[in-house]
Amino acid sequence: MSSYLITGASRGLGFEFVRHLAQNPNNTVIGLVRNKVAADSKAKEEGLHNVHMVEAQYTNLASLKKAAEVVNDITLGGLDYLVNNAAVVSHVSEFKTLGDFDDDFETLEKDLLESLEINLLGVMKTIHAFVPLILKGKGKKVITISSGMADIDLINATEIAFGGPYAISKGAMNVAIAKYNALYNKDGILFLAVSPGYVSTERNNVEPAPEDADKVATLVGNFVKYAPHFQRPLTPEESVAAVLSVMDKASIANGDGGAFISHLGNKQWL
């Protein structure tokens, strides 16, 4: 029996992790959410019986530590796997370049700081709150969902200039994961940053605003040039299965600690 904690578990990829893992009745699956009532209702609708939703605010360390106490009671001590999935993709800068803010740098600065607060500091605070349980667990793996958009080679190859704050925050998070690996690999904890691929989530399925439609087309077109085999986004089910496969295979012994890799287990992002 294994225990899993998924952050950002109320929707999108996070809920798919919960749903997928809960298919094994021997797993104890815990979703970290901001609204427990709504998340409990969704899990019940899906018929998920071995799922526990725990409420916390990702940017508040005290709230996360309180959630860790609840998780400790659920698992009776210890936690095998932590999947840091919670993140924010800014609507402000998603389809704007850094140069678009030349006359309004304050907006760019605020947007970047908000991205860093959740995508970097939120992950770090979650790790600090739950590492004591991971140290007592059997699996000892901390997986953080990153993005291929934070890969410097991909940025240069595709010349995708928009979405800077999101990519920058994910890049900073990748460095943090490597630093945690350097700190905890001697304790047997594997830290890994994994891009889930280009996934067809609820957010990506929303029709873009008319002024952004050409940018979405450019993004997809550049993806096809970069990876000619690319045909369509992954479904959430496909992405989660691939990420969990990478997690299962990765180990400190194989030199995977602190790495930033794709859902394919390498540097192929699409």
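All of these numbers come straight from a predicted model, not from anything done at the bench.

Peer 1: For this particular structure, what's the right way to read the overall build of the protein chain?
Peer 2: Scanning the protein chain from terminus to terminus reveals eight helices and seven strands. In terms of overall dimensions, the protein chain is globule-like: its C-alpha atoms have a radius of gyration of 18 Å, near the 18 Å expected for 270 residues. Projected onto its principal axes, the C-alpha coordinates of the protein chain cover approximately 50 × 40 × 35 Å. Counting all 270 residues of the protein chain, 48% fall into the buried class. Intrachain contacts of the protein chain at a sequence separation of at least 6 include 75% that bridge at least 24 residues. As displayed, the protein chain offers around 13,200 Å² of accessible surface, 54% of which is attributable to carbon and sulfur atoms. Distance between charge centres in the protein chain, computed from 24 positive and 31 negative side chains, equals 9 Å.

Peer 1: Got a minute to help me understand the pattern of salt bridges in this structure?
Peer 2: Two side chains with opposite charge may pair up if their charged atoms get near one another. This structure, assessed with the given rule, holds four salt bridges. With a shortest N-O distance of 2.7 Å, arginine 19 and glutamate 16 are connected by a salt bridge. Highlighted residues: arginine 19 and glutamate 16, both in helix H1 (residues 12–22), separated by three residues, approximately one helical turn. Classification of glutamate 16 by relative accessible area gives buried; the value is 7%.

Peer 1: Help me understand the environment of glutamate 55, please; the structure alone is not making it clear to me.
Peer 2: Along the chain, glutamate 55 turns up in strand E3 (residues 51–55). Its relative accessible area of 44% is what places glutamate 55 among the partly exposed residues. Distance in space between the C-alpha atoms of glutamate 55 and alanine 87 is 16 Å, their sequence separation being 32 residues. Engagement of the side chain of glutamate 55 in a polar contact is seen with the backbone nitrogen of lysine 36, the distance being 2.8 Å.

Peer 1: Could you clarify how one ought to interpret the packing of aromatic side chains in this entry?
Peer 2: How two aromatic rings sit relative to each other is given by the distance of their centres and the angle of their planes. Counted under the stated rule, the structure contains eight aromatic pairs. Between tyrosine 198 and phenylalanine 230 the ring centres are 6.0 Å apart and the planes differ by 35 degrees, which places this aromatic pair in the tilted class. With tyrosine 198 in the loop between strand E6 (190–194) and helix H7 (210–226) and phenylalanine 230 in the loop between H7 and helix H8 (236–249), the pair connects residues that are 32 residues apart, well separated along the chain. Relative to phenylalanine 230, the ring of phenylalanine 223 has its centre 6.0 Å away and its plane inclined at 80 degrees; by these criteria the two rings are edge-to-face. For the pair shown, phenylalanine 223 and phenylalanine 230 are each scored as buried. What links up through ring pairs into an aromatic cluster is the set Tyr180, Tyr184 and Phe191.

Cut-off values and rules
Residues numbered from 1 in each chain as written. Predicted model: local features only at pLDDT ≥ 70, side-chain atom pairs only at ≥ 80, totals over all residues. Heavy atoms only, no water. Helix = DSSP H or I, 4+ residues; strand = E, 2+ residues; numbered from the N terminus. Rg over C-alpha atoms; globule rule 2.2 N^0.38 Å. Buried < 20%, exposed > 50% of the residue type's maximum accessible area, 1.4 Å probe, protein only. Contact = heavy atoms within 4.5 Å. Areas by Shrake-Rupley, 256 points an atom, 1.4 Å probe, with all protein chains shown as cover. Lys, Arg positive; Asp, Glu negative; His and termini not counted. Charge placed at Lys NZ, Arg CZ, Asp CG, Glu CD. Salt bridge = Lys/Arg side-chain N within 4 Å of Asp/Glu carboxyl O. Polar contact = N/O pair within 3.5 Å; in protein donor to acceptor, adjacent residues only side chain to side chain. Phe/Tyr/Trp six-rings, centres within 6.5 Å; stacked < 30°, edge-to-face > 60°.

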